[in-house]
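Fold and contact review
For reference, the chains in residue letters:
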Amino acid sequence: MDRNKSILIIDDDPDVTESLVFLLNAEGYSCATSSNGLAAIEYLEKNPLPKLILLDLMMPIMDGYQFHMVQQQDVELAQIPTILLTAGTIDRRIEDMKIANFFPKPVPVEELMLAINQYC
Amino acid sequence: MNAYTNSGIPAIGDISWGSHFCNFFQTTEDLEACLIPFFKAGLENNEKCFWVTAEPFNTEDVKSQLRNALPKYEKYIKTNQLTILNYKELYLKYDINTLLKNWLITEENALAQGYTGLRVSGNGGWLESCLWSKFMHYEDTINSIIVNRRIIGLCSYCLDKCSSENILQVIRYHQFALIHYQNEWEIIENAQLKIAKEQLLRTNEELENHVAIRTQELEEAIKARDEFLSIASHELKTPITSLELYLKGILRSQKLNKLSPTELNQKLCKVLEQTERLTKLINQLLDIEQLSTKFLSLNNTTINLTKLTSAIIERYSNNNCLIILNNTQPVIGDWDPIRIDQVLTNLLANAIKYAPQKQIEVLIEQKDNTAIIQVKDQGAGISPKDQERIFDRFVRLTSCHSNSLGLGLWIAKQIVIACGGNIYVKSEMGKGSIFTVELPIK
């Protein structure tokens, strides 16, 4: 994975991750994917840290909120800018989250690309 | 307009219009204690008032009593809101029917003049024993004619002048009796009225219970609807998201000449998958509307259930799953092939979703006049608690992206019911589930 343009996508919908990877690859980013928060933490423990995380909120096993809590407790992980992507209703909990940006699904693609470009 | 008015008598409080009650007294003070506040309350409530006096009062006594008690006494007299007259001017002048009719006319006129109702009090002090039964008939009739009118009537009887039989009669012909005895107010209710009141209370209580139950049901329905809307919007947004991402990705890659024809073809197939996912969701949404109206129109035609099932299984053949059909014997009946297809597709899709990569058995058989379809999976099984609710609307046993609205089994059930059939599940944890559909063969 190219460290400078690396992104970790955490989303449980395979169609969403696959299409995101396809577009981001086309834009020159390299991507890794995890289908829930726990799988992402396991990935982050074993691999070089990505420049950016795209995080879904509603996921089985460990959802986006729980992942964010774990992320914030780790000094290194907390420094990775994180962009939220969600199709669900917006919870008040996101007000307390330390996130770089937030996009509802369907994602406004141009805006998402601009935001990603800011971080990697 | 209020259904109640203040009686002015603390022991009674508010009474409903149409009340006709009596008061037994022994002393003049007893009678004053009852009638003065009774008329005071009526006059202050802008009611037209009639006080028919008899022993132990005469009209002059009453006038001076009221003048002391009511600051606006002169105004009430002047405007004719209050009329004080002797029994001789009334009871001895007119026959019973005329008397009764006059009260009703007086009420109508009072209402027309802007009064809130008519308040009347009479006193039986003048009654001779020979007139008792006639007057009791008058009292009895009053009950039925004022019941829906804005009239209240209070009749006073002197205890010392009544025989025990008289007392019983008076109580019978009034809705309740008031007795000022040893400085305490006592109320004796007419037995029938008491029963009616108790019934009314019970009915009210039942009504309140019904309302509470209905309110809870409505709240649950609203909650289910909101949850459904949230799930539906989530489920619709997800395929649109990936659809857009694929298309943008294709455009971007094309621009950079990064995409081979094979890759392009692959991505376009993905795009198609997403539109199919959307179509399925939208069709389910449209189905709820039709099925919720409780009337499902079926286009029945003679079909072979075995053949139909076989064709549906064929559709899943390249879907990485193993479905076995345990029958080749035709089962013929009149059903709507599109709707039966929907039932089977929903059952199979669930089996594939909850028991992936495991064998699914489908059994078709005929028992007497019933066609039986069974879909047997080797999934994790459904707990008894979940078995009760899986046929309800908007129930999904997995959370998050399960690619469904929680409507599949509900839709299947509505269709089977419309066909006059039955659908149920038998399941054992760890061993799998058997969904059975029974359809009558007509």
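Read on for an overview of the structure. (Residues numbered from 1 in each chain as written. Chains lettered and ligands numbered in written order. Predicted model: local features only at pLDDT ≥ 70, side-chain atom pairs only at ≥ 80, totals over all residues. Heavy atoms only, no water.)

Some details on the overall build of chain A
Under the convention used in this document: Where helices and strands are cited, they refer to DSSP runs of H or I of at least four residues and of E of at least two residues respectively, numbered from the N terminus. Burial status follows relative accessibility: with a 1.4 Å probe on protein chains alone, a residue under 20% of its type maximum counts as buried, one over 50% as exposed, and anything between as partly exposed. Here, residues are in contact when the closest pair of their heavy atoms is within 4.5 Å. All accessible-area figures derive from a Shrake-Rupley calculation using a 1.4 Å probe, and residue coverage is judged against the displayed protein chains alone.
Helices and strands together make up the secondary structure of chain A, namely 5 helices and 5 strands. Secondary structure elements in chain A, listed N-terminal to C-terminal, are β-α-β-α-β-α-α-β-β-α. Here chain A holds 120 residues, and 53% of them are scored as buried. Considering only contacts within chain A whose residues lie at least 6 apart along the sequence, 65% involve residues at least 24 apart. A total of about 5500 Å² of accessible surface is found on chain A, and carbon and sulfur atoms cover 50% of it.

Notes on the packing of helix α1 (residues 28-44) of chain B against helix α2 (residues 59-69) of chain B
Residue and element names in this part refer to chain B. Rules: An axis is simply a line fitted to the C-alpha atoms; with a helix, the fit covers only the stretch in contact. Between two such axes, the angle follows the N-to-C directions and lies from 0 to 180 degrees. For classification, angles of less than 35 degrees are called roughly parallel, those exceeding 145 degrees roughly antiparallel, those between 65 and 115 degrees roughly perpendicular, and all remaining angles oblique. In this scheme the crossing of two helices becomes right-handed for a clockwise turn of the near helix relative to the far one and left-handed for an anticlockwise turn of less than a right angle. In this classification, the charged set is Asp, Glu, Lys and Arg, the nonpolar set is Ala, Val, Leu, Ile, Met, Phe, Trp, Tyr, Cys and Pro, and all remaining amino acids, among them Gly, are polar.
Orientation of α1 relative to α2, taken along the N-to-C sense of each, is 60°, at an axis distance of 11 Å. When the axes of α1 and α2 are compared, the pair comes out oblique. Along this stretch, α1 crosses α2, giving a crossing that reads as right-handed. Contact residues: Glu32, Ile36 and Lys40 in α1; Gln65, Leu66 and Ala69 in α2. Classifying every residue of the contact of α1 with α2 by side-chain character gives 3 nonpolar, 1 polar and 2 charged.

Details of the nonpolar core
Residues and elements named next belong to chain B. Threshold: Residues enter a nonpolar core if they are buried and are Ala, Val, Leu, Ile, Met, Phe, Trp, Tyr or Cys, with the set joined through side-chain atoms within 4.5 Å.
Residues Ile323, Trp335, Leu348 and Leu439 are the most contacted members of the largest nonpolar core, which totals 48 residues. Looking at this core, the element that brings in the most residues is helix α10 (residues 337-354), giving 7 residues. Every residue in contact with Leu348, bar those within four places of it in the chain, is listed here: Ile312, Ile313, Tyr316, Ile323, Ile360, Val362 and Val375. Core analysis: the next-biggest nonpolar cluster, separate from the first, contains 33 residues, Leu85, Val120, Cys162 and Ala177 among them.

Here's the deal with the interface of chain B and chain A
As a reminder, the rule being used: Accessible-area loss on putting two parts together, using a 1.4 Å probe and summing over both, is the definition of buried area adopted here. We define a salt bridge as a contact between a side-chain nitrogen of Lys or Arg and a carboxyl oxygen of Asp or Glu at a distance within 4 Å. Definition of a polar contact: a pair of N or O atoms within 3.5 Å, with one able to donate and the other able to accept a hydrogen when the atoms are protein atoms, and with sequence-neighbouring residues admitted only if both atoms are side-chain atoms.
Opposite the 25 residues of chain B that make contact, chain A presents 26 residues. Both sides together, the interface formed by chain B and chain A hides about 2300 Å², and carbon and sulfur atoms give 61% of it. Our count for the contact surface shared by chain B and chain A stands at 5 salt bridges. A salt bridge links A:Glu110 to B:Lys248, with the shortest nitrogen-to-oxygen separation between them at 3.3 Å. At the junction of chain B with chain A, the criterion picks out 8 residue pairs in polar contact (both at pLDDT 80 or more). Only α7 (191-255) and α8 (261-292) of chain B provide two or more residues apiece to the side of chain B that touches chain A. Looking at the side of chain B that touches chain A, the element that brings in the most residues is α7(B), giving 15 residues. Looking at the side of chain B that touches chain A, its residues break down into 7 nonpolar, 9 polar and 9 charged.

Concerning the pattern of salt bridges
For the coordinates displayed, the defined rule picks out 17 salt bridges over all chains. Put simply, A:Glu18 and B:Lys270 hold a salt bridge, and the shortest N to O gap is 2.9 Å. Residue A:Glu18 is located in helix α1 (residues 14-26), and its partner B:Lys270 is located in helix α8; the two belong to separate chains. With a relative accessible area of 31%, A:Glu18 lands in the partly exposed category. Salt-bridge contacts for B:Arg67 lead to B:Glu74; the nearest nitrogen and oxygen are separated by 3.2 Å. Salt bridges linked by common partners bring A:Asp11, A:Asp56 and A:Lys105 together as one network.

Side note on α7(B)
What counts here: One less than the number of residues in a helix, times 1.5 Å, gives the span that helix is expected to have.
If you check α7(B), its first and last C-alpha atoms are 95 Å apart, about what 65 residues at 1.5 Å a residue would give, namely 96 Å. Among the residues trailing α7(B), B:Asn257 stands out with phi positive, at a value near 55°.

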